[in-house]
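Per-entry structural report
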Amino acid sequence: MNVVAKFEIPYYQCLDESSILHGNLPDSVKDTKQLVKLYRLMVLLRIFDTKAIALQRTGKLGTYPSTRGQEAVFVGMGAALANDDVFVPYYRDVGTLIQRGVKLSDILLYWGGDERGNCYHKDSEDFPYSVPVGSQPLHGAGIATALKIRGEKRAVLVTCGDGASSQGDFYEALNVAGAWKLPIVFVVSNNQWAISVPRSAQSASQTIAQKAVAAGIEGEQVDGNDVIAVCDRVTLALKKAREKNEPVLLEILSYRQSDHTTADDASRYEPQGIREKEWLKEPIGRMRKYLEAAKLWDEEKEKALQAECSVDVEGVVKEYLNTPPQSPESMFDSLYAKLPDIYLEQREQLIQKEIVAHG
Ligand SMILES: Cc1ncc(C[n+]2csc(CCOP(=O)(O)OP(=O)(O)O)c2C)c(N)n1
Ligand SMILES: [Mg+2]
């Protein structure tokens, strides 16, 4: 017997669970201003998240997928993207989107059921939020193909969850990225759950990162509670994709410190005690402790930041709640370039009904 293939999956962490930095700060996150910026964004994201859930609980938002405990994944990715890269997000990507110029009030609008909240990309080529699980990787591969054909030095960053990595589309996207050497980085945000299905039941594969091996591309795991490692590994992966057309799969590990969405009740299936145990690795406290030890942060700055974020979020909520609702017939508006007669007719009927109902 000869061994014809062997592989290793590296795991990257810079800041450990005790907030100790191993080695030097990576080049991409060396600037102390950048470190503080990452921290501030994670805090803003958590305050926004708490508010969004409260809005849903009081009947002012349709649903919301929390990012509690996963802030470092989305904030770190956002900081790594270059302006003209193309970002293809899935529904938990608020922390990245806010760094791509998306207003938090638009995020609320979208989860309030108003599609105008998803029309934010006037000046960018980023994709809108999309909920169909596993649809993003193939879209990303398609865009990366276009970038390569045009000879543009840009990369695609596409995200999905651990559950999505079991879908056929995911493997097809990895395969074509390897076969065609596409400028794309796949991020699997592994929060250990796909609604009620635990990671252990999702796949017999030891890691999700190793799914890259069969596609002939690099795969690695990253500590998703360590914003420094996330930012650095995504930065390096995007550089490889952009400059060498070498695709990379990053499995970023964190833990979902919440229900799947506000429509879920994780207490029905999540083993007791696991969330508390995972909380010890939580990204915001970990980074704060590091910044304080480095004399870049203190209690006074923390209080000011909390107050600032709360004011900002209150402003965003006001803007959302004061947005006049879309007209019902707008549901037809983005379906076709030219609406077929049958829908034109239905649209007209709806307008007439509205007139009768509301004058
Ligand atoms: C194609 C499709 N199937 C099923 C669903 C319902 N659904 C929404 S989220 C989800 C689980 C996804 O889990 P994962 O990929 O791990 O992402 P996470 O929500 O944990 O970030 C499912 C099954 C969907 N939105 N789209
Ligand atoms: Mg998941």
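This is a predicted model, so every value here is computed, not measured. (Residues numbered from 1 in each chain as written. Chains lettered and ligands numbered in written order. Predicted model: local features only at pLDDT ≥ 70, side-chain atom pairs only at ≥ 80, totals over all residues. Heavy atoms only, no water.)

1. What to know about the layout of surface pockets
Under the convention used in this document: For each structure, a 1 Å grid was placed over the protein atoms alone; sets of points admitting a 1.4 Å probe that cannot get out are labelled cavities, open sets with protein on both sides within 12 Å along at least five of seven lines are labelled pockets, and lining residues have an atom within 4 Å of a point. Grid points are joined across faces, edges and corners, and a volume is the space filled by probe spheres set on the points. Following the grouping adopted for this structure description, the nonpolar residues are Ala, Val, Leu, Ile, Met, Phe, Trp, Tyr, Cys and Pro, the charged ones are Asp, Glu, Lys and Arg, and the polar ones are all others, Gly among them. These domain boundaries are the output of an automatic or database domain assignment.
Taken as a whole, the largest pocket encloses approximately 300 Å³ of empty space. Taken together, 15 residues make up the lining of the largest pocket; nearest its centre are Glu115, Arg116, Gln326, Ser330 and Ser334. Residues that form the lining of the largest pocket fall into these classes: six nonpolar, six polar and three charged. The residues that make up the lining of the largest pocket include at least three from each of domain 1 (11–326) and domain 2 (328–359).

2. Re empty space enclosed by the protein
Going through the model one piece at a time under the given rule, you end up with one cavity of 30 Å³ or more. Of the pockets and cavities examined, the largest cavity occupies roughly 40 Å³. Around the largest cavity, the lining residues are Gly69, Asn225, Tyr255, Gln257, Glu278, Trp279 and Glu282. Of the residues assigned to the lining of the largest cavity, the class counts are two nonpolar, three polar and two charged.

3. A few points about the sheet that holds strand S2 (residues 86–88)
Basically, it comes down to this: At least two DSSP bridges between two strands are required for those strands to pair. We count a stretch as a helix when DSSP gives it H or I for four or more residues in a row; a strand needs E for two or more, and each element gets its number in order from the N terminus.
If you walk across this open sheet you meet the six strands as S1-S7-S8-S4-S3-S2, and the pairing is parallel. Each edge of the open sheet carries a strand with a single partner, namely strand S1 (11–12) and S2. In terms of strand pairing, strand S3 (residues 156–161) meets strand S4 (residues 184–190) through six bridges, oriented parallel. By the bridge assignment, Thr159 is partnered in S4 with Val187.

4. Quick notes on the site of ligand 1
We count it as follows: Proximity is defined per residue: if any heavy atom of the residue lies within 4 Å of a molecule or strand, that residue is considered near it. Residues adjacent in sequence count toward polar contacts only when both atoms are side-chain atoms; beyond that, a polar contact is any pair of N or O atoms within 3.5 Å, and within protein one must be able to donate a hydrogen and the other to accept it. To be clear on the numbers: accessible area is Shrake-Rupley with a 1.4 Å probe, and residue cover counts the displayed protein chains and nothing else.
Near ligand 1 there are 15 residues, and of these Tyr90, Tyr91, Arg92, Gly163 and Trp193 occur at the shortest range. A distance of 2.8 Å separates an oxygen atom of ligand 1 from a polar atom in the backbone of Trp193. For ligand 1, the protein covers 71% of the area, taking 580 Å² as the surface of the free molecule. The class makeup of the residues in the shell around ligand 1 is nine nonpolar, four polar and two charged.

5. Regarding the packing of aromatic side chains
Stated precisely, the cut-off is as follows: Stacked, tilted and edge-to-face are the three classes assigned to paired rings of Phe, Tyr and Trp, where Trp is represented by its six-membered ring and a pair needs centres within 6.5 Å; plane angles under 30 degrees give stacked, over 60 edge-to-face, the rest tilted. Note on classification: 1.4 Å probe, protein chains only; a residue is buried when its accessible area is under 20% of the maximum for its type, exposed when over 50%, partly exposed between these limits. The rule is short: NZ of Lys or CZ of Arg within 6 Å of the ring centre and within 35 degrees of the ring normal puts a charge over the ring.
For the structure on display, the rule yields twelve aromatic pairs. Arranged with centres 6.1 Å apart and planes meeting at 80°, the rings of Phe48 and Tyr64 form a pair that is edge-to-face. Here Phe48, found in helix H1 (residues 32–57), pairs with Tyr64, found in the loop between H1 and helix H2 (71–80); they are 16 residues apart in sequence, far enough to count as distant. For the residue pair Phe48 and Tyr64, the accessibility class agrees, reading buried in each case. Consider the rings of Tyr110 and Trp111, whose centres lie 4.9 Å apart with planes at 75°: the pair is edge-to-face. Owing to a relative accessible area of 10%, Trp111 belongs among the buried residues under this scheme. An aromatic cluster of three or more residues is present, and its members are Phe48, Tyr64, Tyr110, Trp111 and Tyr129. Just above the ring of Tyr12 sits the side chain of Arg233; from NZ or CZ to the centre is 3.5 Å.

6. Some points on the coordination of the magnesium ion (ligand 2)
What counts is decided by this rule: Distances define the donors: N, O and S atoms within 2.8 Å of the metal qualify, as do those within 3.2 Å of Na, K or Ca. Water is excluded, so some sites may look unfinished.
The protein atoms that coordinate the magnesium ion (ligand 2) are Asp162 (OD), Asn191 (OD1) and Trp193 (O), at distances spanning 2.1 Å. Within one chain, the residues donating to the magnesium ion (ligand 2) are spaced in sequence as D-x28-N-x1-W. With Asp162 in the loop between S3 and helix H6 (168–179) and Asn191 in the loop between S4 and strand S5 (193–194), the pair connects residues that are 29 residues apart, well separated along the chain. We note that Asp162, like Asn191, is buried.

7. Observations regarding the nonpolar core
Note the cut-off: Take the buried residues of types Ala, Val, Leu, Ile, Met, Phe, Trp, Tyr and Cys, join any two whose side-chain atoms come within 4.5 Å, and each joined set is a nonpolar core. The contact criterion used throughout is that any non-hydrogen atoms of two residues lie within 4.5 Å.
Core analysis: the largest hydrophobic core is formed by 69 residues, its most contacted members being Ile107, Ile228 and Met287. The dominant element in this core, judged by the number of residues it contributes, is H1, at 13 residues. Beyond its immediate chain neighbours, meaning those up to four positions away, Ile107 contacts Phe48, Tyr64, Val94, Leu97, Val102 and Tyr129. The next biggest cluster of nonpolar side chains, apart from the first, holds 24 residues, and it includes Val86, Ala173, Phe186 and Leu249.

8. Quick word on H2
Of all ten residues that make up H2, nine are buried, and the element is covered over most of its length. Along H2, the residues classified as buried are Glu71, Ala72, Val73, Phe74, Val75, Gly76, Met77, Gly78 and Ala80.

9. Thoughts on the pattern of salt bridges
Filter applied, for reference: Put simply, a salt bridge is a Lys or Arg side-chain nitrogen that is within 4 Å of an Asp or Glu carboxyl oxygen.
Inspection of the entire model under this criterion finds 24 salt bridges. Here Lys103 and Glu319 are joined by a salt bridge, their closest N and O atoms 3.0 Å apart. Residue Lys103 is located in the loop between helix H3 (94–97) and helix H4 (104–111), and its partner Glu319 is located in helix H12 (residues 299–321); the two are separated by 216 residues in the primary sequence. You can call Lys103 partly exposed: its relative accessible area is 43%. A residue is classified by how much of its surface remains accessible, and Glu319, at 39% relative accessible area, is partly exposed.

10. Looking at the pairing of strand S7 (residues 218–223)
Of all the six residues making up S7, five are buried; the element is thus mostly covered by neighbouring parts of the structure. With six bridges joining them, S7 and strand S8 (residues 248–253) adopt parallel strand pairing. Looking at S8, one finds that Gln221 is bridged to Glu251.

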